[in-house]
Amino acid sequence: MIAFLRGEFAYKSPALVHMEVGGVGYELQISLNTYTNIQNLEKGVLLTYLQVREDAHILYGFFDQAEKEMFIQLLSVSGVGASTARMMLSSMRPEEISRAIVQGNTKQLESIKGIGKKSAERIILELRDKMGKSKVDANISSLKSNTLEQDALNALIALGIARPAAEHAIRKTMNEVSGADKVEDIIKKALKTL
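Here we summarise the structure given alongside this text. The numbers attached to residues start from 1 for each chain and follow its sequence in the written order. In keeping with the predicted nature of the model, local features appear solely for residues at pLDDT of at least 70, side-chain atom pairs appear and are counted solely at 80 or more, and the whole-chain, interface and lining totals rest on all residues. Excluded from the side-chain calculations are hydrogens and water; all other atoms, namely the structure's heavy atoms, are used.

Concerning the packing of helix H2 (residues 65-75) against helix H4 (residues 94-102)
Two quantities define a packed helix pair, namely the angle between the helix axes and the distance between the axes.
(1) Moving on: Helix axes use the C-alpha atoms of the stretch in contact, all axes being lines fitted to C-alpha atoms, and the angles between their N-to-C directions lie in the range 0 to 180 degrees. Helix numbering and strand numbering both begin at the N terminus, where a helix is a DSSP run of H or I of at least 4 residues and a strand a DSSP run of E of at least 2. Taken N-terminus to C-terminus, the directions of H2 and H4 make an angle of 45 degrees; their axes are 9 Å apart at the nearest point. Judged by the angle between their axes, H2 and H4 are oblique. From H2, Ala66, Glu67 and Met70 reach across to H4, where they touch Pro94, Ile97 and Ser98. Working rule for angles: under 35 degrees goes down as roughly parallel, over 145 as roughly antiparallel, 65 to 115 as roughly perpendicular, anything else as oblique. Working rule for contacts: check all heavy atoms of both residues, and any pair within 4.5 Å makes them a contact.

Looking at the packing of aromatic side chains
(1) Moving on: Between the rings of Phe, Tyr and Trp (Trp by its six-membered ring), a pair exists once the centres lie within 6.5 Å; its type follows the angle of the planes, with under 30 degrees stacked, over 60 edge-to-face, and the other angles tilted. Within this structure, the stated rule accounts for three aromatic pairs.
(2) Moving on: Between the aromatic rings of Tyr60 and Phe71, the centroid separation amounts to 5.0 Å while the plane-to-plane angle is 40 degrees, which identifies the pairing as tilted. Of this pair, Tyr60 sits in strand E5 (residues 57-62) while Phe71 sits in helix H2, and the two are eleven residues apart along the sequence.
(3) Moving on: Remark: exposure states derive from per-residue accessible area (1.4 Å probe, protein chains only) relative to the maximum for the residue type, with buried under 20%, exposed over 50%, and partly exposed in between. Residue Phe71 is classed as buried on the basis of its relative accessible area of 1%.
(4) Moving on: Here Phe62 and Phe71 contribute two aromatic rings whose centre-to-centre distance is 4.9 Å and whose plane-to-plane angle is 50 degrees, an arrangement assigned as tilted. Grouping residues by exposure puts Phe62 and Phe71 together as buried.
(5) Moving on: A connected cluster of aromatic rings, assembled from ring pairs, spans Tyr49, Tyr60, Phe62 and Phe71.

A closer look at the pattern of salt bridges
(1) Moving on: A pairing counts as a salt bridge when a side-chain nitrogen of Lys or Arg comes within 4 Å of a carboxyl oxygen of Asp or Glu. Applying the stated criterion to the full structure yields five salt bridges.
(2) Moving on: Residue Arg93 pairs with Glu96 through a salt bridge whose shortest N-O separation is 3.3 Å.
(3) Moving on: In this structure Arg93 comes out as partly exposed when scored by relative accessible area, which is 41%.
(4) Moving on: We note a salt bridge from Arg171 to Glu167, for which the minimum N-O separation is 3.4 Å. In this pair, Arg171 and Glu167 both sit in helix H9 (residues 163-174), four residues apart, roughly one turn of the helix.
(5) Moving on: When salt bridges that share partners are traced, they join Arg93, Glu95 and Glu96 into one network.

Side note on the environment of Asp151
(1) Moving on: Relative to the elements of secondary structure, Asp151 occurs in helix H8 (residues 147-158).
(2) Moving on: Asp151 sits 36 residues away from Ile187 along the chain, and the two C-alpha atoms are 9.0 Å apart.

Remember, this is a structural readout, not a statement about activity or role.
Dropping the structure here:
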C-alpha cells in the first residue's frame, strides 16, 4: 500500500489536496486539521490511507501519525465511515477526540456534525479501552522517565484499574519505596493504597 507521499502541493482546499509526486498527481481527501498545517506550504509529506470500495479507491492524507491512527481507530467502530471520521478530525484534534472518548464525554462528540447520541455512545464504548491503554505514555509525562513507574502503571491498568486511580496510587507509592524495590513490589504496594 501507499504509506506516504512526498511532493509538491499542486492544489489545496480545506477538504482536498492534489500532490505531484514524480510527475504523477494524487488526489487526497484531507481534514481541516491537515489543511491548517499545510496551507502555507508548497511541498511536503502526507501520510496516507487507501480505502478500497467496490465503486472507488479513495486516498486520504494526514499531516501526522496521530491523526492517521485516530482515523483508523474511528473506522474500526461499526457505523463510522471514512467521511464521518474525516468530519470528526476536521472538528477536533486527535488528542481532543481521544480525551473525549477516554473521559466518556458524549456531549463533546455530539457537537460534531453527523454524530448523534447513539453514535457518540458507540464510539466511546468501542474505543475507550483501546484509547486508555494506547495513550498511557503520552498522557503521563511525570511518569515517563522512570520505567519502573511506567511498568507498574501499565500493569495496574491491565488489571482493570482506571488510569487516574492507578496514576495516583503509583505516585503515592513511589514516595514510600526504596530504590531497590522491584516492579512487583511497587504494584503490590500500589494495590494496597487503592
